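Chains, contacts and geometry: an overview
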Amino acid sequence: SSRLRAGELLDKALDLHPEYPSALFNRGLVHYVLKQHELAVEKFESSLKIEEHQPKTRAYLAQSLLTIAYELQRTGHWDEAEELLGRTLMQADASITQGC
């Protein structure tokens, strides 16, 4: 699939430049589209550690966290779901503070 190919190419780019925020965001986006939300969160957070002011990255990170939290809640893992909801709110606060 073209999404898997995009992921492979982004992995190669990240092998060469592991701290390239745009490549990290796009790799996270591929994970997001493939419903690999845990992996997407990892890439989005890595991108934000390098460059904080990324409204799109924060939005996709929040959506991924909400998706994971919903699944945890659905399966009865309330404490973990609550923690992720807290992380989601922190992203919203950061977006407001940064004027995103």
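Refer to the preceding data block for the structure.
Residues numbered from 1 in each chain as written. Predicted model: local features only at pLDDT ≥ 70, side-chain atom pairs only at ≥ 80, totals over all residues. Heavy atoms only, no water.

**Things to note about the nonpolar core**
Listed in full, the 12 residues of the largest apolar core are Phe25, Ala40, Val41, Phe44, Leu48, Leu61, Leu65, Ile68, Ala69, Leu72, Ala81 and Leu84. Counting residues per element, this core draws most heavily on helix α4 (residues 55–74), at five residues. When residues no more than four places from it in sequence are discounted, the contact partners of phenylalanine 44 are Phe25, Gly28, Leu29, Tyr32, Thr57, Tyr60, Leu61 and Ser64. Grouped together as the second largest cluster of nonpolar side chains are five residues, Leu10, Leu14, Ala23 and Val30 included. (Core = buried A, V, L, I, M, F, W, Y, C linked by side-chain atoms within 4.5 Å. Buried < 20%, exposed > 50% of the residue type's maximum accessible area, 1.4 Å probe, protein only. Helix = DSSP H or I, 4+ residues; strand = E, 2+ residues; numbered from the N terminus. Contact = heavy atoms within 4.5 Å.)

**Structural notes on the pattern of salt bridges**
Under the counting rule described, the total for this entry stands at four salt bridges. Among the ionic pairs, glutamate 8 bridges to arginine 5, the shortest N-O distance being 3.6 Å. Of this pair, glutamate 8 and arginine 5 both sit in helix α1 (residues 2–16), three residues apart, which is roughly one turn of that helix. Classification of glutamate 8 as partly exposed rests on a relative accessible area of 44%. We classify arginine 5 as partly exposed; its relative accessible area is 43%. (Salt bridge = Lys/Arg side-chain N within 4 Å of Asp/Glu carboxyl O.)

**So, the environment of serine 95**
Within the secondary structure, serine 95 sits in helix α5 (residues 78–98). Taking the relative accessible area as the measure of exposure, serine 95 reaches 16% and is therefore buried. When the C-alpha positions of serine 95 and glutamine 54 are compared, they lie 8.6 Å apart, and in sequence the two are 41 residues distant.

**Notes on the packing of helix α2 (residues 21–33) against helix α3 (residues 37–50)**
Close contact between α2 and α3 brings their axes to 8 Å; oriented N to C, the two are set at 165°. Taken together, the axes of α2 and α3 lie roughly antiparallel to each other. For the pair α2 and α3, the sense of crossing is left-handed. Across the interface between the two elements, Pro21, Leu24, Phe25, Arg27, Gly28, Leu29, His31 and Tyr32 of α2 pack against His37, Leu39, Ala40, Lys43, Phe44, Ser46, Ser47 and Ile50 of α3. (Axes fitted to C-alpha atoms, helices over the stretch in contact; angles between N-to-C directions. Parallel < 35°, antiparallel > 145°, perpendicular 65-115°, else oblique. Left-handed = near helix turned anticlockwise from the far one by under 90°.)

**Comments concerning α1**
For α1, built from 15 residues, the straight-helix expectation of 21 Å at 1.5 Å per residue is met to within 8% by its first-to-last C-alpha distance of 21 Å. Among the residues of α1, Gly7, Leu10 and Leu14 are the ones counted as buried. The buried side chains of α1 occupy one side of the element, clustering within an arc of 65° when seen end-on. Along α1, the residues that are exposed and aim more than 90 degrees away from the buried face are Ser2, Lys12, Asp15 and Leu16. (Expected span 1.5 Å × (residues − 1). Arc of directions from axis to C-beta.)

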